[in-house]
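Letter by letter, the chains look like this.
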Amino acid sequence: MAAVLSPAPSSRPGLAPHRPPAPRPVLRVIDGGRSSTAMAPVYRRRRIVAALALATVIVLAVMAAEAGRDLAAGWAAPVPATIEGRTVVVEAAPGDTLWTVARRVRPTGDVRPVVEAMLSERGSAELQVGDAVRVPAG
């Protein structure tokens, strides 16, 4: 539904003082636009498209979460190394950790594999003073 304001022609007030002022414009209602029954199929299609878009976003979010979880599982702690070959037994001193013991036996290079091997054999990173710790020497 629409409304149209159509003013009636009138003269300017300064030119014709003897004429009465023009009446107010008449507001007439005319048919137009679309009714709710005509728009129902449009609304239905819009709702279907919105629901499909939402479902697509949800599916993509779930797939991204699963991919992220799989990627994070790949970053999990590596399979611990086992102690093979020659080993050295070191007595733990006060304040020692597996890292300091491994560094004592292998002063240069990467000690992470050594620490992982000691951790897998011991099952715990806790050291008590006087503990005998097997350390790979190679």
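Residues numbered from 1 in each chain as written. Predicted model: local features only at pLDDT ≥ 70, side-chain atom pairs only at ≥ 80, totals over all residues. Heavy atoms only, no water.

1. Notes on the overall build of the protein chain
The criterion, for reference: Each helix is a run of H or I in the DSSP string that is no shorter than four residues. Each strand is a run of E no shorter than two, and both are numbered from the N terminus. Relative accessibility decides the category of a residue: with a 1.4 Å probe and only protein chains considered, values under 20% of the type maximum give buried, values over 50% give exposed, and everything between is partly exposed. Throughout, a residue-residue contact means that at least one pair of heavy atoms, one from each residue, lies within 4.5 Å. Accessible surface is estimated by sampling points in the Shrake-Rupley manner with a 1.4 Å probe; for residues, cover comes only from the protein chains shown.
Within the protein chain one finds three helices and four strands. Along the protein chain, helices and strands appear, N-terminal first, in the series β-β-α-β-α-α-β. Put simply, the protein chain has 138 residues, and 14% of those count as buried. Here the contacts in the protein chain between residues at least 6 apart in sequence split such that 61% fall between residues at least 24 apart. Of the accessible surface of the protein chain, which amounts to about 10900 Å², a share of 62% is contributed by carbon and sulfur atoms.

2. Brief notes about the nonpolar core
Quick note on the threshold: Residues grouped as a nonpolar core are buried Ala, Val, Leu, Ile, Met, Phe, Trp, Tyr and Cys residues, joined through side-chain atoms within 4.5 Å.
Grouped together as the largest cluster of nonpolar side chains are twelve residues: Val90, Ala92, Leu98, Val101, Ala102, Val111, Val114, Val115, Met118, Leu127, Val133 and Val135. Among the elements of the structure, helix 2 (98-105), helix 3 (112-122) and strand 4 (132-136) are those that each provide at least two residues to this core. Residues contacting valine 135, with those up to four places away along its chain left out, are Arg86, Thr87, Val88, Val90, Val101, Ala102, Val105, Val114 and Met118.

3. Considerations on the confidence of the model for the protein chain
Rules: Summary of the metric used: pLDDT quantifies the predictor's per-residue confidence within the range 0 to 100.
Considering every residue of the protein chain, the mean pLDDT works out to 79; 78% of them sit at 70 or more. Predicted confidence in the protein chain is weakest over strand 1 (residues 2-6), with a mean pLDDT of 59, and strongest over helix 1 (residues 36-74), with 91.

4. Brief notes about a nonpolar patch on the surface
Selection rule: Exposure above 30% relative accessible area and the lack of any salt bridge qualify a residue for a patch; like charges then connect within 9 Å, and the nonpolar side chains Val, Leu, Ile, Met, Phe, Trp and Tyr within 5 Å. We define a salt bridge as a contact between a side-chain nitrogen of Lys or Arg and a carboxyl oxygen of Asp or Glu at a distance within 4 Å.
Among the surface-exposed residues, Leu54, Ile58 and Val62 lie close enough to one another that they form a single nonpolar patch of about 270 Å² accessible area. Take isoleucine 58: its relative accessible area is 46%, and that puts it in the partly exposed class.

5. Details of a positive patch on the surface
The criterion, for reference: As used throughout, the charge tally considers Lys and Arg to be positive and Asp and Glu to be negative, leaving His and the chain termini uncounted. In plain terms, the charge of a residue is placed at NZ if it is Lys, CZ if Arg, CG if Asp and CD if Glu.
Taken together, the side chains of Arg44, Arg45, Arg46 and Arg47 present a region of like positive charge at the surface. Locating arginine 44 in the fold gives a position in helix 1.

6. Observations regarding the packing of helix 2 against helix 3
The cut-off we apply is this: Angles here are taken between N-to-C directions and fall from 0 to 180 degrees, while the axes themselves are lines fitted to C-alpha atoms, restricted in helices to the stretch in contact. Angle categories are assigned with fixed cut-offs, so that under 35 degrees is roughly parallel, over 145 is roughly antiparallel, 65 to 115 is roughly perpendicular, and the rest are oblique. Throughout, a crossing is termed right-handed when the near helix is turned clockwise from the far one, and left-handed when it is turned anticlockwise from it by less than a right angle. We call Asp, Glu, Lys and Arg charged. Ala, Val, Leu, Ile, Met, Phe, Trp, Tyr, Cys and Pro are nonpolar, and the rest, Gly among them, are polar.
Where helix 2 contacts helix 3, the two axes come as close as 9 Å, and the packing angle between them is 125°. Comparing their axes, helix 3 and helix 2 come out oblique. Between helix 2 and helix 3 lies a crossing whose hand is right-handed. Contacts between helix 2 and helix 3 involve Leu98, Trp99, Val101 and Ala102 on the former and, on the latter, Arg112, Val114, Val115, Met118, Leu119 and Arg122. Of the residues assigned to the contact of helix 2 with helix 3, the class counts are eight nonpolar, no polar and two charged.

7. Here's the deal with the pattern of salt bridges
Inspection of every chain in the model, using the stated rule, returns three salt bridges. As a salt-bridge pair, aspartate 96 and arginine 104 come within 2.2 Å of each other at their nearest N and O atoms. Between arginine 112 and aspartate 110 there is a salt bridge, and its shortest N-O distance comes to 3.1 Å. Classification of aspartate 110 as partly exposed rests on a relative accessible area of 39%.

8. What to know about helix 3
Defined as follows: Starting at the helix axis, one direction is taken to each C-beta atom, and the arc is that of these directions.
Within helix 3, the full set of buried residues consists of Val114, Val115, Ala117 and Met118. When helix 3 is viewed along its axis, its buried side chains cluster within an angular range of 160° and face the same direction. Structurally, helix 3 contributes buried residues whose contacts are with helix 2 and strand 4. Backbone geometry just after helix 3 places glycine 123 at a positive phi near 85°.

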